Amino acid sequence: MPGDEEDDPLLYGIVSDEDRDYITTKVKNIISKKAEIDEIISQISEGWKLPRIGKEELAILRLGVYEVKYDESIPEKVAINEAVELAKKYCDASASKFVNALLAKLVSGDKDKKESGADATAE
C-alpha cells in the first residue's frame, strides 16, 4: 500500500523537532486559509465538487495551492513537483496527473492575471 514504506519518517516518528515545528506551522497556516484554498480548488477543478475529490488528493491539493498562492519561500515549480510526488506516493496512479493539471492551471491563471493587469496599467 502506498506510504507503507519502512523509510517513511511520518509513519515511524523519526521527525526532528525543527521539522515538526515546520510541519505544525504549515498545517496551521493552511487551516487558517482553508476556505480560500477550497474556493480556489473549486474554481480550477471545473466539474469536480470537493466531496468528489479523494481525501488524500484534496489534502495534497490544499498544500499545493497554499504553497503556490501564499508561501513566497517556495517556487511555484517546486510546489507543483512536490505535490505531484506526494500524489504518486500516497494516491492511485491517476492522482498525480490530476494534481499536476490543477496546480499548473492555477499557476498559468495567475500569470495570465498578472500579465493582463500589467498591460492595463501600462496604457
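Refer to the preceding data block for the structure.
Residues numbered from 1 in each chain as written. Predicted model: local features only at pLDDT ≥ 70, side-chain atom pairs only at ≥ 80, totals over all residues. Heavy atoms only, no water.

J.: Help me understand the overall build of the protein in this model?
T.: Looking only at helices and strands, the protein has 6 helices and 0 strands in total. The N-to-C order of helical and strand elements in the protein reads α-α-α-α-α-α. Sorting the 123 residues of the protein into buried and exposed places 32% on the buried side. Excluding contacts between residues fewer than 6 apart, the proportion of contacts in the protein whose partners are at least 24 apart in sequence is 64%. With an accessible surface of roughly 8400 Å², the protein has 54% of that area assigned to carbon and sulfur atoms. (Helix = DSSP H or I, 4+ residues; strand = E, 2+ residues; numbered from the N terminus. Buried < 20%, exposed > 50% of the residue type's maximum accessible area, 1.4 Å probe, protein only. Contact = heavy atoms within 4.5 Å. Areas by Shrake-Rupley, 256 points an atom, 1.4 Å probe, with all protein chains shown as cover.)

J.: For this particular structure, what's the right way to read the packing of helix H4 (residues 55-70) against helix H5 (residues 76-90)?
T.: The geometry of a pair of packed helices is captured by two quantities: the angle between their axes and the separation between those axes. Contact geometry of H4 with H5 gives a least axis separation of 9 Å together with a crossing angle of 170 degrees. The angle between H4 and H5 falls in the class roughly antiparallel. Two secondary-structure elements touch here, H4 through Glu56, Ile60, Leu63, Glu67 and Val68 and H5 through Glu76, Ala79, Ala83, Leu86, Ala87 and Tyr90. Its residues placed into classes, the contact of H4 with H5 shows 8 nonpolar, no polar and 3 charged. (Axes fitted to C-alpha atoms, helices over the stretch in contact; angles between N-to-C directions. Parallel < 35°, antiparallel > 145°, perpendicular 65-115°, else oblique. Nonpolar A, V, L, I, M, F, W, Y, C, P; charged D, E, K, R; others polar.)

J.: What is the right way to look at the nonpolar core in this model?
T.: In summary, soluble globular proteins display a tendency toward joint burial of nonpolar side chains. Membership of the largest hydrophobic core comes to 26 residues, with the highest contact counts inside it found for Ile41, Leu61, Val65, Val99 and Leu103. Isoleucine 41 has contacts with Leu50, Ile53, Leu58, Leu61, Arg62 and Val65, leaving out every residue within four places of it along the chain. (Core = buried A, V, L, I, M, F, W, Y, C linked by side-chain atoms within 4.5 Å.)

J.: Is there a simple way to explain the pattern of salt bridges in this structure?
T.: Any two side chains of opposite charge can pair, on the condition that their charged atoms come close. Here the structure, examined in full by the defined rule, presents 6 salt bridges. Of the charged contacts in the structure, one is a salt bridge between glutamate 67 and lysine 26, with a shortest N-O distance of 3.2 Å. Placement of the pair is glutamate 67 in helix H4 and lysine 26 in helix H2 (residues 17-32), with a sequence separation of 41 residues. Overall, glutamate 67 belongs to the buried group, its relative accessible area being 9%. The salt bridge involving lysine 88 is made with glutamate 85; its shortest N-O contact spans 3.4 Å. Of the two residues, lysine 88 and glutamate 85 both sit in helix H5, 3 residues apart, roughly one turn of that helix. Three or more residues joined by partner-sharing salt bridges are found here, namely Lys26, Glu67 and Asp71. (Salt bridge = Lys/Arg side-chain N within 4 Å of Asp/Glu carboxyl O.)

J.: Sorry if this is basic, but what is going on with helix H3 (residues 34-44) here?
T.: Helical geometry: 3.6 residues make up each α-helical turn, so side chains three or four residues apart lie on a common side. Ile37, Asp38, Ile40, Ile41 and Ile44 are the residues of H3 that are buried. For H3, the buried positions fall inside an angular range of 155 degrees around the axis, keeping them on one side. (Arc of directions from axis to C-beta.)

J.: Got a minute to help me understand H5 in this structure?
T.: Under the 1.5 Å per step criterion, the end-to-end length of H5 is 21 Å for 15 residues, consistent within 8% with the ideal 21 Å. Listing the buried residues of H5 in full gives Ala79, Ile80, Ala83, Val84 and Ala87. Seen from one end, H5 has its buried residues packed into an arc of 130 degrees, which puts them on one side. Those residues of H5 that are exposed and angled more than 90 degrees off the buried face are Lys77 and Lys88. (Expected span 1.5 Å × (residues − 1).)

This is a description of form; function is not addressed.
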